[in-house]
Amino acid sequence: MCCFRIIQLNAKKSSPFIIPALVGAFILAGSLIVFFQLSSYQAQIIESNKDDYTKVIENTISRREGRVQTISSGIIGLYGSSERVSSAEFDRFAQTILGSNSEILNLFVLDGSTIVESYPIKEYVGHDFDFLFPDYPTVVAGQKAMTAEFAINETASLVIAVPFGYFIPEGTILSEQYKLVLLSPIDDNEVLYSVAKSGGASGSVVELLQKEKDNAITVEYKTNLFGHKLKKYYDLRYVLWDASFEAQSYEHTIILVAGVVLSFVIPVLLVRTNLLRARLQEKSEALERANEELKKVEKSKDEFVTMIVHDLKNPLLPIKAYSEILLSQKLGQLNEEQAKRLHSISTSAITLQKMIQDLLDANKLELGKLRLDIQEGNLSELVRRTMSELEPEFRKKGVAVSLELQDVSCRFDSMRMGQVFQNILLNALDFVPDKTGKIHISLKSEGGNAVITIADNGIGIPKDKIDGLFAKFYQVSTDKNRRYGGSGLGLSVCKGIVEGHGGMIRAESDGEGKGTTMHIMIPLAGKSA
Ligand SMILES: Nc1ncnc2c1ncn2[C@@H]1O[C@H](COP(=O)(O)OP(=O)(O)OP(=O)(O)O)[C@@H](O)[C@H]1O
Ligand SMILES: [Mg+2]
């Protein structure tokens, strides 16, 4: 337990930068390792490729079994991104080919159509250089020659020219009756070279087979020469020297760049998150503390209010009782002036008592301590009783009250619901005009509820004020406000009581000067659980 606390304290104090810095360092180290690994792997591949290709060239160029193979080994080229081939490499390549293939007449590099390097004689070439295996032999040094062109880059290419006679041995096939097709080993067997001079009476190619395997094409053709079938095999070997020895993939560079970027970005994001989390933590702790404080203050305030309000009630009792006794004149005759003053004392004491009672009730409601004593009873009777208690007040003001009461029995707290009706009726009385004031009370049972409406023709309530009516201490402030003030607690207490019955209360008014109707609804069967 003790250890756990120490660890917690340490964790709390640890800087928000340490872990992000470590993460950043790991990412950076990881990407560096990957970068160097991949780079060295690529370098190894390049080296081994260079070795392999060099060996292949050197071996392939050695002649075997006659001319055709020799010539075919001339189909060796630099292709691809040879801009990376150094001139030393190219020289070595050219010399290797020329040195070991005496039949090769020419080896030169084209830049567009210009010869930029030539081995050995430029003027031997008798045709333009738009040939990539032309459909007729090129004439080089007065001889028909086969040429193979290999792109070095976009503008430059390497051309290897070989006397055609070596390829199609003169005398073996008469020049007018041969057909030879060379298919590209690399481009999906695209026809690279095709020579056909058919139509002569003496013969034509009757069969041509071509197989490709292990860097070699075997061409087998049969021709019909002067009625004799002739079978000939060509074994065309080729080696493609891919000179693009430099690393072509950039993955390792991308990984390094991404690693460097992420090693900064991720720690920054982590630090930001950590700082935000710490600030949030601090704030929520402060809020929690403030909340605790508030709860304490609230509790002591509630206790204080309850105590004060309760203590205020007590001194009122003798004031009210003695002023009533004095007013009854049992203790002696009062003159008119004395009686008037005593009456004023008595009324004020009653008002004060009501205010204190409302304050107490509102406080109880807030604390959830208002208990209702709900019993089966007759609601219409309660309305009638309340009305008759207030009747003198109504008569005094000359207000006409009409009742439309159905006999409704339901479950309610008689004292509290009486308080609700009294509050609402006194409000109505306060806001209707003298002499012409009218109040209509109706009660009916509807849809399992007792529905009470108390409508008056008083000053009404502006539409935008209706919603706030049931809030504590809320009073609509208009010039036409009532004469006797009030504390603004009555309706909030009514709402608490009605809702405590599982019912609802709402006010309705068409606006100022258009009267007010209060609607109360409580379930007949009492509050459902
Ligand atoms: N019948 C009504 N006609 C017009 N305005 C009303 C009516 N009933 C209530 N109001 C308005 O609603 C306000 C709140 O009423 P509520 O009964 O809560 O407080 P109060 O009557 O001002 O004071 P209290 O009832 O605590 O003595 C009133 O001040 C008044 O502005
Ligand atoms: Mg009131």
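Residues numbered from 1 in each chain as written. Chains lettered and ligands numbered in written order. Predicted model: local features only at pLDDT ≥ 70, side-chain atom pairs only at ≥ 80, totals over all residues. Heavy atoms only, no water.

If you look the chain up in an unreviewed UniProt entry, it shows as histidine kinase from Candidatus Nitrosotenuis uzonensis. Listed under Catalytic activity (unreviewed entry) in UniProt, the entry text for the chain is "ATP + protein L-histidine = ADP + protein N-phospho-L-histidine." (UniProt positions renumbered as here; feature names shortened; annotations may be inferred.)

Caption draft 1: Layout of the packing of helix α7 (residues 336–367) against helix α9 (residues 414–431). Orientation of α7 relative to α9, taken along the N-to-C sense of each, is 120°, at an axis distance of 13 Å. In terms of their interaxial angle, α7 and α9 are classed as oblique. For α7 against α9, the interelement crossing comes out left-handed. Together, K354, D358 and D361 of α7 and R416, Q419 and N423 of α9 make up the contact between the two elements. Residue composition of the contact of α7 with α9, grouped by class: no nonpolar, two polar and four charged. (Axes fitted to C-alpha atoms, helices over the stretch in contact; angles between N-to-C directions. Helix = DSSP H or I, 4+ residues; strand = E, 2+ residues; numbered from the N terminus. Parallel < 35°, antiparallel > 145°, perpendicular 65-115°, else oblique. Left-handed = near helix turned anticlockwise from the far one by under 90°. Contact = heavy atoms within 4.5 Å. Nonpolar A, V, L, I, M, F, W, Y, C, P; charged D, E, K, R; others polar.)

Caption draft 2: Main features of the pairing of strand β18 (residues 504–509). Burial along β18 is one-sided: I505, A507 and S509 are buried, while M504, R506 and E508, pointing the other way, are not. In terms of strand pairing, β18 meets strand β19 (residues 516–523) through six bridges, oriented antiparallel. Bridging from a neighbouring strand, E508 pairs with T517 of β19. Here β18 folds back onto β19 in antiparallel fashion, the turn holding six residues, of which G511 has a positive phi close to 120°. (Buried < 20%, exposed > 50% of the residue type's maximum accessible area, 1.4 Å probe, protein only. Pairing = 2+ DSSP bridges.)

Caption draft 3: How the structure looks around the pattern of salt bridges. Following the criterion strictly, the structure yields ten salt bridges and no others. Between R341 and E337 there is a salt bridge, with its nearest N and O atoms 2.5 Å apart. Of the two residues, R341 and E337 both sit in helix α7, four residues apart, roughly one turn of that helix. A relative accessible area of 53% places R341 in the exposed class. A residue is classified by how much of its surface remains accessible, and E337, at 39% relative accessible area, is partly exposed. (Salt bridge = Lys/Arg side-chain N within 4 Å of Asp/Glu carboxyl O.)

Caption draft 4: Layout of the UniProt feature "transmembrane region" (unreviewed entry) in the chain. UniProt annotation of "transmembrane region" (unreviewed entry) refers to residues 17–38 when read in the numbering used here. Split by type, residues 17–38 is 95% helix and 0% strand. Its first and last C-alpha atoms lie 31 Å apart.

Caption draft 5: Highlighting the environment of A362. For A362, the position within the fold is in helix α7. On the basis of relative accessibility, which here comes to 7%, the residue A362 falls in the buried class. Those residues within four positions of A362 in sequence are excluded, and the remaining contacts are K472, L489 and V493.

Caption draft 6: The nonpolar core, seen in detail. Counting residues in each nonpolar core, the largest one holds 43 residues, and the members touching the most others are L379, M417, F421, I424, I439 and I520. Listing elements by their share of this core, those giving two or more residues are α8 (379–397), β15 (409–412), α9, β16 (438–446), β17 (449–456), α10 (490–500), β18 and β19. Among the elements that take part in this core, α9 stands out by supplying seven residues, more than any other. Look past the residues within four positions of M417 in its chain and what remains in contact with it is L382, F412, I497, H501, I520 and I522. Of all hydrophobic cores here, the second largest spans five residues; its members include V309, L316, I356 and L360. (Core = buried A, V, L, I, M, F, W, Y, C linked by side-chain atoms within 4.5 Å.)

Caption draft 7: Region of the structure containing the packing of aromatic side chains. Taken as a whole and assessed by the stated rule, the structure comprises one aromatic pair. Here the aromatic rings of F35 and F36 are separated by 5.2 Å at their centres, their planes lie at 70°, and the arrangement is edge-to-face. Here F35 falls in the buried class, since its relative accessible area comes to 17%. Residue F36 is classed as exposed on the basis of its relative accessible area, which comes to 52%. (Phe/Tyr/Trp six-rings, centres within 6.5 Å; stacked < 30°, edge-to-face > 60°.)

Caption draft 8: Geometry of α10. Taking burial as the measure, the eleven residues of α10 include eight buried ones, the bulk of the element. Listing the buried residues of α10 in full gives G490, L491, S492, V493, C494, G496, I497 and V498. Contact partners of the buried residues in α10: α7, α9, β18 and β19. Immediately beyond the C-terminal end of α10, within one or two residues, lies G502, with a positive phi of roughly 80°.

Caption draft 9: Up close: the side chain of Q419. One can find Q419 in helix α9. Accessibility expressed as a relative area gives 13% for Q419, which makes it buried. Among the polar contacts listed, one links the side chain of Q419 to the side chain of D361, at a separation of 2.6 Å. A polar contact is formed between the side chain of Q419 and the side chain of R416, at a distance of 2.7 Å. Discounting chain neighbours no more than four positions away, the residues touching Q419 are D358, D361, V493 and I497. (Polar contact = N/O pair within 3.5 Å; in protein donor to acceptor, adjacent residues only side chain to side chain.)

Caption draft 10: Structural context of a nonpolar patch on the surface. Together, L28, L32, F36, V257, V260, V261, L262, F264, V265 and L269 make up a nonpolar patch on the protein surface, roughly 840 Å² of accessible area in all. Breaking the nonpolar patch down by element, the ones donating at least two residues are α2 (18–61) and α6 (251–327). Along the polypeptide, L269 turns up in helix α6. Classification of L269 by relative accessible area gives partly exposed; the value is 48%. (Patch = residues over 30% accessible without salt bridge, like charges linked within 9 Å, V, L, I, M, F, W, Y side chains within 5 Å. Areas by Shrake-Rupley, 256 points an atom, 1.4 Å probe, with all protein chains shown as cover.)

Caption draft 11: Main features of the packing of α6 against α7. Between α6 and α7, the shortest axis-to-axis distance is 8 Å and the interhelical angle comes to 155°. As the angle between them shows, α6 and α7 are arranged roughly antiparallel. Seen from above, α6 lies across α7 with left-handed handedness. Class assignment for the residues of the contact of α6 with α7 results in 18 nonpolar, seven polar and seven charged.

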